[in-house]
Amino acid sequence: MRAWARCWNGREGQAMKDRFTIVVDDAELNYKLSRAAAKLSGDTLLSQVGAVLERRINIRFDRKVDPNGTSWKALSQNTVALYLKQDGVIDGKGKRRGTLLERTGLMRASLATNVLPNAVEVGFSMPYAQYHETGTKTKKGAVRMPRRALLTADWESGRLGNADRDAILQLLQKHLDGLFD
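Residues numbered from 1 in each chain as written. Predicted model: local features only at pLDDT ≥ 70, side-chain atom pairs only at ≥ 80, totals over all residues. Heavy atoms only, no water.

### Points about the overall build of the protein
A count of helical and extended segments in the protein gives six helices and six strands. Its helices and strands in sequence order give the protein the pattern β-β-α-α-α-α-β-β-α-β-β-α, from N to C terminus. Per-residue burial for the protein yields a buried fraction of 41% across its 181 residues. Across the protein, every contact between residues at least 6 apart in sequence was considered, and the portion connecting residues at least 24 apart equals 60%. As presented, the protein carries roughly 10700 Å² of accessible surface, and 50% of it is formed by carbon and sulfur atoms. (Helix = DSSP H or I, 4+ residues; strand = E, 2+ residues; numbered from the N terminus. Buried < 20%, exposed > 50% of the residue type's maximum accessible area, 1.4 Å probe, protein only. Contact = heavy atoms within 4.5 Å. Areas by Shrake-Rupley, 256 points an atom, 1.4 Å probe, with all protein chains shown as cover.)

Printed below as a string of structure tokens:
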């Protein structure tokens, strides 16, 4: 069994053609998920795992932090200037829309959970979400857009943030403890 964090298109049974997948490879977490899934019928536990992660991701949007609690880097001056121009702010008159990673609210609104038979996917249907999760670089390797993670502490290894991992383990332990009462 694998725990998944994926960019997902939000349509049941249909994956994005250019799916960006992060596999969480954590032996203890996978063992406890498998054990709990074997003991429980239906997808209640996996739905609850997805709900826990969605809640924690929404908190990160509000606090503007990554899964480790580190504040996201501010927008560059060039990006701020571009947004002001696009929003019609001239000589300080007018108002820029949105906040960091919530310019239109579409990405946050696309956050969804997809429960599979032995896994749960939590992610965004907006294709550009992957660039926020990973950051981008120029052809010469310089940072173009800094990483502003929402799903994982380390997207390359698929490692969840410690607090997310602990919250899932706590939920799993609560379910396991209740199974033997």
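### A closer look at the confidence of the model for the protein
Chain-level statistics for the protein give a pLDDT mean of 80 and a share of 78% at 70 or above. Confidence drops under a pLDDT of 50 for residues 6-17, and excluding neighbours within four residues, the segment shows 32 contacts in the predicted structure. (pLDDT = per-residue confidence, 0-100.)

### Remarks on helix H2 (residues 44-63)
The terminal C-alpha atoms of H2 lie 29 Å apart, and with 20 residues this matches the ideal 28 Å at 1.5 Å per residue to within 8%. Taken together, the buried positions of H2 are Leu 45, Leu 46, Val 49, Gly 50, Val 52, Leu 53, Arg 56, Ile 57, Arg 60 and Phe 61. (Expected span 1.5 Å × (residues − 1).)

### Digging into the nonpolar core
Counting residues in each nonpolar core, the largest one holds 26 residues, and the members touching the most others are Val 49, Ile 57, Phe 61, Phe 124 and Leu 150. Looking at this core, the elements with two or more residues in it are helix H1 (27-39), H2, strand E4 (120-124) and helix H6 (162-179). Beyond its immediate sequence surroundings of up to four residues, Ile 57 is in contact with Leu 111, Val 122, Phe 124, Leu 150 and Leu 151. (Core = buried A, V, L, I, M, F, W, Y, C linked by side-chain atoms within 4.5 Å.)

### A word on the environment of Ala 149
Relative to the assigned elements, Ala 149 resides in the loop between strand E6 (143-145) and H6. Exposure remark for Ala 149: the relative accessible area of 2% places this residue in the buried category. Contact partners of Ala 149, with chain neighbours within four places excluded, come to Val 65, Asp 66, Pro 67, Trp 72, His 132 and Glu 133.

### Comments concerning the pattern of salt bridges
Scanning the entire structure with this criterion turns up seven salt bridges. In this structure, Asp 164 engages Arg 56 in a salt bridge whose closest nitrogen and oxygen atoms are separated by 2.4 Å. Taken together, the residues span a long stretch of sequence, with Asp 164 in helix H6 and Arg 56 in helix H2 at a distance of 108 residues. When salt bridges that share partners are traced, they join Asp 62, Lys 64, Glu 102 and Arg 108 into one network. (Salt bridge = Lys/Arg side-chain N within 4 Å of Asp/Glu carboxyl O.)

### Quick word on unusual backbone geometry
At Lys 64, a residue that is not glycine, the phi angle is positive and equals roughly 60°. Residue position: Lys 64 is located in the loop between H2 and helix H3 (77-86).

### Things to note about the packing of aromatic side chains
With the rule as written, the count across this model stands at two aromatic pairs. With centroids separated by 6.3 Å and ring planes inclined at 90°, the aromatic side chains of Phe 61 and Trp 72 adopt a geometry described as edge-to-face. Here Trp 72 lies in the loop between H2 and H3 and Phe 61 lies in helix H2, a separation of 11 residues in the sequence. Centre to centre, the rings of Phe 61 and Phe 124 are 6.1 Å apart; their planes meet at 80°, and the pair counts as edge-to-face. Of this pair, Phe 61 sits in helix H2 while Phe 124 sits in strand E4; the two residues are 63 residues apart in sequence, bridging distant segments of the chain. The residues Phe 61 and Phe 124 share a single accessibility class, namely buried. Here the aromatic cluster, defined as three or more aromatic residues joined through ring pairs, consists of Phe 61, Trp 72 and Phe 124. The ring of Tyr 83 has Arg 103 lying over it, and the distance from NZ or CZ to the ring centre is 3.9 Å. (Phe/Tyr/Trp six-rings, centres within 6.5 Å; stacked < 30°, edge-to-face > 60°. Lys NZ or Arg CZ within 6 Å of the ring centre and 35° of its normal.)

### A look at the pairing of strand E3 (residues 111-115)
Two strands pair when backbone bridges link them, and E3 and E4 are joined in this way by five bridges, in the antiparallel orientation. Counterpart to Leu 111 in the pairing with E4 is Phe 124. The antiparallel hairpin formed by E3 and E4 contains four residues in its connecting segment. (Pairing = 2+ DSSP bridges.)

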